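# Fold and contact review
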Amino acid sequence: MRRSAPHLTRRTFFGAVVAAAGTAALSGCGALGIDTPPGQTGEALRSERPLPRPYEVPLPRPRTARPTGTLTLPDGTTADLYEITQRPAEVEILPGLRTTVWGYDGTFPGTTLETRTGRPVVVRHRNELPVPTVTHLHGGHTPADSDGWPLDLLLPAGAARPQHHGMPGDLAAGTRDHHYPMTQRAATLWYHDHRMDFTGPAVHRGLVGLHLVRDDVEDALPLPRGDREIPLVLCDRSFDADGQFTYPSLDRSLRRVPGVEVAWMEGVLGDVVLVNGAPWPVAEVDAARHRLRILNGANARRFSLAFQVPGAPDLPVTQIGSDGGLLAAPVERPTVDLAPGERCDVVVDLGRVPVGTEVTVVNLLGTGPTRDVLRFRVVRVARDDSAVPAVLSEIEPLVPGPVRREFVFRRGAVGDHSGWTINDRSFDPDGSLADVPLGTTETWRFRTDVHHPVHVHLDPVQVLTRGGRGPGPSDAGWKDTVDLRPGEIVDVATRFTDFAGRFVLHCHNLEHEDMAMMATIRTVPGA
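Cut-off values and rules
Residues numbered from 1 in each chain as written. Predicted model: local features only at pLDDT ≥ 70, side-chain atom pairs only at ≥ 80, totals over all residues. Heavy atoms only, no water. Helix = DSSP H or I, 4+ residues; strand = E, 2+ residues; numbered from the N terminus. Contact = heavy atoms within 4.5 Å. Polar contact = N/O pair within 3.5 Å; in protein donor to acceptor, adjacent residues only side chain to side chain. Salt bridge = Lys/Arg side-chain N within 4 Å of Asp/Glu carboxyl O. Buried < 20%, exposed > 50% of the residue type's maximum accessible area, 1.4 Å probe, protein only. Pairing = 2+ DSSP bridges. Core = buried A, V, L, I, M, F, W, Y, C linked by side-chain atoms within 4.5 Å.

Another point: the environment of Thr100. Mapped onto the elements, Thr100 comes out in strand 4 (residues 99–104). Sequence separation of Thr100 and Phe245 is 145 residues, and the distance between their C-alpha atoms is 7.8 Å. When residues no more than four places from it in sequence are discounted, the contact partners of Thr100 are Ala89, Glu90, Arg205, Gln244 and Phe245. A polar atom in the side chain of Thr100 sits 2.5 Å from the side chain of Glu90.

Take a look at the structure:
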């Protein structure tokens, strides 16, 4: 049962959206669709214009960034320098229309970075947007000052720099350098905006991009590569009559619908599925194995992907990697299940179907247009020297003791704040829910009321139990985002290394995060 909209202070979600939009304000809800699809935690927005037909737009590939130079770090090591500009841009998403996005280098998704283990990089972000931003490398093993603390604001270029902003965080004007040591294994990472209270609208506007880490271990495997390694950034959006993104905001249309403000606390769902920024695209491919590096970059939508073949059983997929890189061994799966923030690295053998076959990827958790995702059209015979070996990598098992800490994720009220809480507390940047010694392995227990994908910064975790049993099908390998289903208890093993400082733990349903479902975790020197 939903309560009437309370008076909120700092974290008034809808006021936040208006402030975040600045002079380039987001559209209001327009044709409101207030319903919760099965298997989702969120409310659906309906587009105000006719939607394009699926599987007519070619699948794009995000542009890959190149280093612009090198830097000598204070310790004498050399780092590759990448420079990214955050700026508004007009892009074609719906055929024949231009949509304003906030993009890294003006693209949606943003520029892909490809870096190597053992080779440090510095990513210099320049902010040419009308609002402050914070950049977080999701899955990155980074020092605290480069992690994207929610109050480490990068002010717009040319903006006056205030003396302070009243809460713990660093202000930078125009540009900020993020130092990524790359002391981590190959993995599919991604970067996105992480400003406190404003992550949902900023990501929804387009501030999301991939960061692929490669290493010698992965390169030595005979996995599909080149054109047969395909990144897939999944998300959903709705559009107004002019082809602009819609997102809940305080406007007249909302104020005419009592209780709508509370409804959007559940999460924002669109009715157009985008893959690499294109609506329901199609890719023409070889009859061969393909490696798909899949990111769920949606604010709130979950995906359960099935690869359907007309008149035949669904194609199985072979999972080879998770959030934190390669699994120890491949796992054949009937579907790919992803909550917001999760990644899954799979190989699908499109050589098992005849040339001319169309393999349609559908979301079993979708309804109507959101059931469609993308299509592969197998158009030619091709030589295929790839394989999926029986052993992929070595994964050190973490062996913790009994449960050390418990984190309860649920809706609640703290003082004048009504939203989402962890341990009945809203996000407090001045406090800490846990001070964790570096190098210590602990068992953490997560409890939940509804769906919450829990993201841990700094280091990945290993799932020990789910619902009192072993790990679930989606829990293998190193995980930095663990999906909690309604009423579920999940135990994970944690171990933080290298970097002492202030990090966060939060729900990756971005509307839940913006409504304060986030906690400070401090890592401290070990005993």
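To continue, consider the pattern of salt bridges. The tally for this structure, following the rule as stated, stands at 42 salt bridges. Between Glu229 and Arg214 there is a salt bridge, with its nearest N and O atoms 2.7 Å apart. With Glu229 in strand 13 (residues 229–237) and Arg214 in strand 12 (residues 208–214), this pair connects stretches of sequence that are 15 residues apart. With a relative accessible area of 11%, Glu229 lands in the buried category. Relative accessible area serves as the criterion here: at 16%, Arg214 is assigned to the buried category. For the salt bridge of Arg466 with Asp475, the shortest nitrogen-to-oxygen distance reads 2.8 Å. Asp475 carries the same exposure label as Arg466, and that label is buried.

Looking now at the pairing of strand 13. In terms of burial, strand 13 is a largely internal element, nine of the nine residues being buried. Relative to strand 18 (residues 289–296), strand 13 runs parallel, the two sharing six bridges. Paired with Glu229 across the strands is Arg291, a residue of strand 18.

The next thing to look at is the sheet that holds strand 21 (residues 317–322). Strand order in the open sheet formed by seven strands is 16-15-13-18-24-21-22, and the pairing between neighbours is mixed. The outermost strands of the open sheet, each flanked by one partner alone, are strand 16 (278–279) and strand 22 (325–333).

Moving on to the nonpolar core. Counting 51 residues, the largest nonpolar core has Leu232, Leu292, Ile294, Phe307, Val336 and Phe376 as the members making the most contacts within it. Not counting the four nearest positions on each side in its chain, Phe307 is found in contact with Leu292, Asp314, Leu315, Val317, Val336, Val348, Val359, Thr360, Val361 and Phe376. With 29 residues, the next largest nonpolar core counts Val456, Leu484, Val490 and Phe499 among its residues.

Looking at the element boundaries, Arg228 is found in the loop between helix 3 (216–219) and strand 13. On the basis of relative accessible area, Arg228 is assigned to the buried category, the value being 16%. Within the structure, the side chain of Arg228 is placed 2.8 Å from the side chain of Asp286, a separation counted as a polar contact.

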